[in-house]
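Given next are the chains, with one letter for each unit.
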There are 4 protein chains.
Amino acid sequence: MISTKQTDRIIHALNAFHIELPSWGFANTGTRFGKFLQPAAATSTAEKFADAGQVHRVTGVCPTIALHVLWDLPKGVGDCAEVQALAAEHGLRPGSINPNVFQDQNYKYGSLGNPDAAIRQEALDHILASVEIQKRLGSRDLSLWFADGSNYPGTQNIRHRRRWFEEGLKATHAALAEGQRMMVEYKPFEPAFYHTDIADWGMALALSQAAGPKAKVLVDTGHHYQAQNIEQIVAWLLDTDDDLTMGSIDPYQVFRIFHEIAHFEWETGQRADIAYMIDQSHNLKGKIEAMIQTVTTAMELFAKAAMVDHEKLAGYQASCALVDAETCLKDAFSNDVRPVIREWAISKGLPADAMDAFRQSGYLEKITAERGARNMSAISSYA
Amino acid sequence: MISTKQTDRIIHALNAFHIELPSWGFANTGTRFGKFLQPAAATSTAEKFADAGQVHRVTGVCPTIALHVLWDLPKGVGDCAEVQALAAEHGLRPGSINPNVFQDQNYKYGSLGNPDAAIRQEALDHILASVEIQKRLGSRDLSLWFADGSNYPGTQNIRHRRRWFEEGLKATHAALAEGQRMMVEYKPFEPAFYHTDIADWGMALALSQAAGPKAKVLVDTGHHYQAQNIEQIVAWLLDTDDDLTMGSIDPYQVFRIFHEIAHFEWETGQRADIAYMIDQSHNLKGKIEAMIQTVTTAMELFAKAAMVDHEKLAGYQASCALVDAETCLKDAFSNDVRPVIREWAISKGLPADAMDAFRQSGYLEKITAERGARNMSAISSYA
Amino acid sequence: MISTKQTDRIIHALNAFHIELPSWGFANTGTRFGKFLQPAAATSTAEKFADAGQVHRVTGVCPTIALHVLWDLPKGVGDCAEVQALAAEHGLRPGSINPNVFQDQNYKYGSLGNPDAAIRQEALDHILASVEIQKRLGSRDLSLWFADGSNYPGTQNIRHRRRWFEEGLKATHAALAEGQRMMVEYKPFEPAFYHTDIADWGMALALSQAAGPKAKVLVDTGHHYQAQNIEQIVAWLLDTDDDLTMGSIDPYQVFRIFHEIAHFEWETGQRADIAYMIDQSHNLKGKIEAMIQTVTTAMELFAKAAMVDHEKLAGYQASCALVDAETCLKDAFSNDVRPVIREWAISKGLPADAMDAFRQSGYLEKITAERGARNMSAISSYA
Amino acid sequence: MISTKQTDRIIHALNAFHIELPSWGFANTGTRFGKFLQPAAATSTAEKFADAGQVHRVTGVCPTIALHVLWDLPKGVGDCAEVQALAAEHGLRPGSINPNVFQDQNYKYGSLGNPDAAIRQEALDHILASVEIQKRLGSRDLSLWFADGSNYPGTQNIRHRRRWFEEGLKATHAALAEGQRMMVEYKPFEPAFYHTDIADWGMALALSQAAGPKAKVLVDTGHHYQAQNIEQIVAWLLDTDDDLTMGSIDPYQVFRIFHEIAHFEWETGQRADIAYMIDQSHNLKGKIEAMIQTVTTAMELFAKAAMVDHEKLAGYQASCALVDAETCLKDAFSNDVRPVIREWAISKGLPADAMDAFRQSGYLEKITAERGARNMSAISSYA
């Protein structure tokens, strides 16, 4: 079913496809009801780099690792040398830098949106320190997610908080060097129940525009209202000259998102400068296997999106040939692209099947033995 | 429980409270499964003005009536003289002007977002004709809702449509006279299933900003995702110097929205220039009674919002006294404001109880007799 | 990628696959804002049979047509002879019988749940007349959907209405002959805003159980809350010895539903006696083409579900091998089954590509010419 | 506005109103991103009883405290004597008994629904031990919430798990003594992402009916799909002779739920035997103050529901007088019942204002001093 021409397009697409791994995706995490511990989970920065290196080794598309300042660089810039050494050791580069302004007890009522000016300053200081790390590590992106919000109507002044965010993000923008960016993430719920300060793409966009041209909206596919059309948001951001970053992966919807991006590139003849990132930390699946599975799925969906016949589709759209347009899109999705991906992998000197290669490497057994006893002694409880 | 000072605040608030009635709220409407016909429903523009006049007569807060160009002014500007005469006769003023670019068969694939340039022009022409009506009638607001969207992934180019909307709205803005405004409405779903071209407040805001300073976002409380925090959107729009208009009424949530507006006014010392509008057409309740019930509910909620102790609340918010802040807001809501509203009405020469006054007027019996036979002969079917 | 053994399983599955067409899916329908008219839409029962016959002719899996009593058999049993003649003429059999107790003005406040006993009786009489039609036509299933509900809190006694439904459905059950069934549909919203009398599967199941063993729950995939797990409901109904019927098709979710059914059959060694039905009426796509597209998609998803390796999956589930279990399911979905379906079609003497065959038949051009002028003169308006 | 007759009804209603406090509502809890620690939070069972005693002392309607077996009775029946002594000391009685089959590492893939028979047995043993505690403490209700579910399609056999739940609940039922009950809770999401084994009221009801007559459905108002009509579920459960328990409190919706219950009682002349329970643990508000605020809100809403004029409402419902029916219900809600509640409290020797009384008692300052240093040294992290 897949023609030579289509195969070429897939190969071409895969050659340009990168997706960033999150360091925290290799650590034990959980729900508010507790953590189920995995013997092979990573606890040190070194272990996270080692695990991420395994994923890149078998998939070939994950050259960067997102870092969490509080967990991976607890000593701040003082940890940069070690991080760079680890990156070199495992064939990776430092990716986006993620400040943490939600875990400290001071952030109970918010960080950049806190009514207390001293705490706002504390949050800003941590963010600016993260920008410094970003510079030292040569990272392009600062990734900003805020847990700020409120749980009950009337308890916070939404407008004041909006302005404090505007101020904090402007100050952050001012500290960025040339070629660096700050990504502003949005999320309509969790952990706050009543209001989240940056709840949707409209709020993230308004704050980014106020901050300056290096500020961009970060789209996490899991951070939307039910029934919200995410690919439409992506299309709007693409069309208004704004970049975006893509977070966690929903297997069936993300194809349509990849398609919007591919169609934009075809139509404009320019490359969409998009940083794809995974933000997941599966609490039941094995960490590394879960990551390989996600990367593999993303590759499949990206390859399918590369198969859409854009010329035909554009024609059907222009003439409102609904049945043909929909079929054109679904036909690309119906293809089985796994053989082409296998072929591509072999041509790159990568394993034909990433999961198999990982399982046969003995790595999991090794780290399970090494880390097991330590990991299983931790404890966590809801109340 | 209600102090003299609080009573004064309620009276003061009610004196400034106006809410616009929709002409189409007095006509027979239905669901896609059919219409249930009411013998007393209005079918002509004259009947709609007469019915709206009754609502204003008993409530005293509805001096304007929103007009639908296609249904109320089928001859366009040629109908303006008659509309003005009707308004004068019934003690009303023409309110917002609503073009209709969704009913004609040509709009099957959209209006301002249609891939066919000729149909986009047709839609724009109708909107520009509506602006002309707006000028003749001295209406301040043009109210723009679009049914545009698509039902299946891949069938339309979302980015092209966005740009066509930007063009159409700019052209509309260019035609407005001094002192006129255009309100851009958003809605995430219905009638389109897959994507709506102006789906959320962020899209409406971006298009309004592109159109020009006379373009404002119209917030209809019924046009949001489940669990979306509408009062937050209102607070953001208030804070970014944008006006808004409020649509249909959800009795328990709208209090919080009124509160955000009242708190903004208290804090800034300036009046929020907000046009409140009802956009409802109950298909089971009696039309006029439903309208009176909605207006009465809106007055109660507005009066409750006027009772919030802003000084106290601001202090609680600043110190993160969550329990006190929430209680402060809920206390205002817990009050029974009906006696004060009754008192206010009597002082204005209005009936103490609007619904009673309407029921005792004999108006409903009169129009039922006059309109009944004609109305009950219509027919409608799903398939 | 697809082995001979897998091909055999697909062929075997397709041989047993039937999906029912709805007569009303060929007629003009719309939204509450109006109908967009299609020149080729069917208006008579004869035209609906003719169109459905076309779909069966090119797909080979649609031997039955669901009938709507009010629209297709307006004279009740008096129309049965003509319907049987039409069925014979177009190579079809009458499928499920659908009473209509929502369109008549009397049903404004409900049908079997109406507070007025006379209207409840009227609804029951229509349903019993439908059972009589069912017997005459040899239809197995009576398909019951109710628009009953209320729009405002407090306006109806929910418990009384529940009991009236129980009574009405018991009376319906008593009228069924041996081998006949009644399907009870649920829907959480639309057209009612506040409460729907049969809102979810739990209510439908309770009413079915009260009615008797010939009453079954009808699952329409479009009638659920956002984020509700439909395949879980299907699994529960399968496991509690209840049949089900499947309605409208969501391309990406329905695979999981088909899989639950296939896995049940594999595990129990017994056939799940399920009637698949389409309940759609696209208002923008061409009617017949939309139906062919839906049937084709259903066949693809059904074929993919037939490829799941149940033995392996069961083992993975038992040992909580999450990554392997999920991959096992997704692998089946990743296959491109279109070549096998084409092969199957040819072996049955059917066209290799159903849509192509229909388009080349000239049928659409013929009916467009015949029906066009009549169809485009109708009119519909929201208010 | 409130007549003497209405006052009597409120007093009568409040006299019968009890709402149970959860022991875990006084402990530090959090979100998956961490816990914000409160210096005054309770950590021992003794402290939880002391705090709950304060809430009952100032509100007068909270005579029982729900107990969590794992946290409050870690030694099982061996702790019963101490618990009874604590209850006596603080003027409370042990309330519902809550087993915990979600925290232990063994429950990673489920408890009663786990594919591993040994873990199912372990969960059952803990539940049966909880029944033994229930007997020793004279508690009427065993409260069963299960975190069981799965995170990815295909990873678990939904039907097997259903049957294992049926078996486990039957075994639990068999162990209950005369006069004891088991409450089966449902929740459509969290902590599982893909499927929850007892996801909705229909599943909880089916499992309860299979278990036996002492099994009842537990309705937690927070455990529903968005837009689901909870009062309808309550009405159905009331009407099908099943009891229910009410969980967490949503201030504006719960009035309608209380109304459905009150209307049932008025109509049938029999008391609805309902156990009201709070299941909340605010992570930002002060624990005890949050509890007092919730109890006070519940009392207000219960009192408002007692003011509905059932005779009138029933008449309006029967005649489909929609406007009057809705107004009848909203009128009751519009009343300010706080003065009557104050009056009632004084007549019972309780403080007129519960929150004031608590704040003036000095209790909070005392426990903050006693517990503060210990509490603030704990730590929690997401990854």
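Model, not experiment: these values are computed from the prediction.

**Student:** Summarise the relation of the copies chain B and chain D; cite the residues concerned and give the values.
**Tutor:** Both copies of the chain are placed relative to one another by a rotation about an axis and a shift along it. Rotating chain B by 180 degrees and translating it 0.0 Å along the rotation axis places it on chain D, where the RMSD comes to 0.0 Å. These values place the two chain copies in the arrangement generated by a two-fold rotation axis. Residue D336 of chain B of chain B places its C-alpha closer to the rotation axis than any other residue of that unit, at 2.5 Å. When the interface residues of chain B are mapped onto chain D, 100% of them again fall at the interface, so both copies present the same face.

**Student:** Quick rundown of the interface of chain B and chain D? Include the residues and the values.
**Tutor:** Taken together, the contact pairs 19 residues of chain B with 19 residues of chain D. Mapped by element, the contributors of at least two residues to the side of chain B that touches chain D are α10 (287-305), α12 (322-334) and α13 (338-347) of chain B. Counted by class, the side of chain B that touches chain D contains eight nonpolar, six polar and five charged residues.

**Student:** If you had to explain the nonpolar core to someone new, which residues and values would you point to?
**Tutor:** One finds V184 of chain A, V184 of chain B, V184 of chain C together with V184 of chain D to be the most contacted residues of the largest nonpolar core, which totals 472 residues. If near-sequence neighbours (up to four positions away) are discounted, V184 of chain C is found in contact with L144, L169, I198, A204, L207, S208, A215, V217 and L218 of chain C.

**Student:** Explain the pairing of strand β5 (residues 93-98) of chain D residue by residue, including any values.
**Tutor:** Residue and element names in this part refer to chain D. Within β5, five of the six residues are buried, leaving the element largely enclosed by the surrounding structure. Note that strand β4 (residues 64-68) and β5 share four bridges and pair parallel. The residue bridging I65 from the neighbouring strand is P94, located in β5.

**Student:** Residue-level account of the interface of chain A and chain B, with values.
**Tutor:** Contacts between the two partners involve 44 residues from chain A, matched on the other side by 44 residues from chain B. Of all the elements in the fold, those that place two or more residues in the side of chain A that touches chain B are α6 (158-175), α7 (201-211), α8 (230-239), α9 (254-268), α11 (310-318) and α12 (322-334) of chain A. Of the residues that constitute the side of chain A that touches chain B, the class distribution is 26 nonpolar, twelve polar and six charged.

**Student:** So, the confidence of the model for chain A: which residues are in play, and what are the values?
**Tutor:** In low-pLDDT segments, the atomic positions of the prediction should not be examined closely. Averaged over all residues, the pLDDT of chain A is 88; the fraction at 70 or higher stands at 95%. Both scores are available for the predicted complex, with the pTM at 0.88 and the ipTM at 0.87.

**Student:** Give me the lowdown on the pairing of strand β10 (residues 215-219) of chain B, citing residues and values where you can.
**Tutor:** Counting buried positions over the five residues of β10 of chain B gives five, a clear majority of the element. Along β10 of chain B, one buried face is formed by A215, V217 and V219 of chain B and the opposite face, lined by K216 and L218 of chain B, is buried too.

**Student:** Let's hear about the environment of R374 of chain B: which residues, and what values?
**Tutor:** The topology assignment puts R374 of chain B in helix α15 (residues 363-375). Taking the C-alpha atoms as reference points, R374 of chain B and A357 of chain B, separated by 17 residues in sequence, lie 27 Å from one another.

**Student:** A description of helix α2 (residues 45-59) of chain A should follow, citing residues and the corresponding values.
**Tutor:** All names here are of chain A. Taking 1.5 Å as the rise per residue, α2 with 15 residues should run 21 Å; its terminal C-alpha atoms sit 21 Å apart, in good agreement. In terms of burial, α2 is largely enclosed, as eleven of its 15 residues are buried. Taken together, the buried positions of α2 are occupied by T45, K48, F49, D51, A52, G53, Q54, V55, H56, V58 and T59. At the C-terminal side of α2, G60 shows a positive phi close to 75 degrees.

**Student:** I'd like a rundown of α13 of chain B, residues and numbers included.
**Tutor:** Residues and elements named next belong to chain B. All of the buried residues in α13 are V340, I341, W344 and A345. The arc that holds the buried residues of α13, viewed along the axis, is 140 degrees, so those residues lie on one side. Relative to its buried face, α13 has exposed residues pointing more than 90 degrees away, namely P339, I346 and S347. Where α13 is buried, its residues touch α1 (4-15) and α10. In the stretch just after α13, G349 is the one whose phi turns positive, near 75 degrees.

**Student:** Explain the packing of helix α11 (residues 310-318) of chain D against helix α12 (residues 322-334) of chain D residue by residue, including any values.
**Tutor:** Residues and elements named next belong to chain D. One can describe the packing of α11 onto α12 by two numbers: an axis separation of 8 Å at closest approach and a directional angle of 155 degrees. Here α12 runs roughly antiparallel to α11, going by the angle between their axes. Like other packed secondary-structure pairs, α11 and α12 cross with a definite hand, here left-handed. Here K312, L313, Y316 and Q317 of α11 lie close against α12, whose contacting residues are D324, A325, C328 and L329. The class makeup of the residues in the contact of α11 with α12 is five nonpolar, one polar and two charged.

**Student:** Which residues make up the environment of E300 of chain B, and what are the values?
**Tutor:** Mapped onto the elements, E300 of chain B comes out in helix α10. Using a count of 20 C-beta atoms within 10 Å as the deciding quantity, one classes E300 of chain B as buried. Here the alpha-carbon distance between E300 of chain B and P99 of chain B, two residues 201 residues apart in the chain, equals 31 Å. What E300 of chain B contacts, discounting residues up to four positions off in sequence, is V337, R338 and I341 of chain B together with S334 of chain D.

Basis of the calculations
- Residues numbered from 1 in each chain as written.
- Chains lettered and ligands numbered in written order.
- Predicted model: local features only at pLDDT ≥ 70, side-chain atom pairs only at ≥ 80, totals over all residues.
- Least-squares fit on C-alpha atoms with pLDDT ≥ 70 in both.
- Contact = placed C-beta atoms within 7 Å.
- Helix = DSSP H or I, 4+ residues; strand = E, 2+ residues; numbered from the N terminus.
- Nonpolar A, V, L, I, M, F, W, Y, C, P; charged D, E, K, R; others polar.
- Core = buried A, V, L, I, M, F, W, Y, C linked by C-beta atoms within 7 Å.
- Buried ≥ 20, exposed ≤ 12 C-beta atoms within 10 Å, placed from the backbone.
- Pairing = 2+ DSSP bridges.
- pLDDT = per-residue confidence, 0-100.
- Expected span 1.5 Å × (residues − 1).
- Arc of directions from axis to C-beta.
- Axes fitted to C-alpha atoms, helices over the stretch in contact; angles between N-to-C directions.
- Parallel < 35°, antiparallel > 145°, perpendicular 65-115°, else oblique.
- Left-handed = near helix turned anticlockwise from the far one by under 90°.

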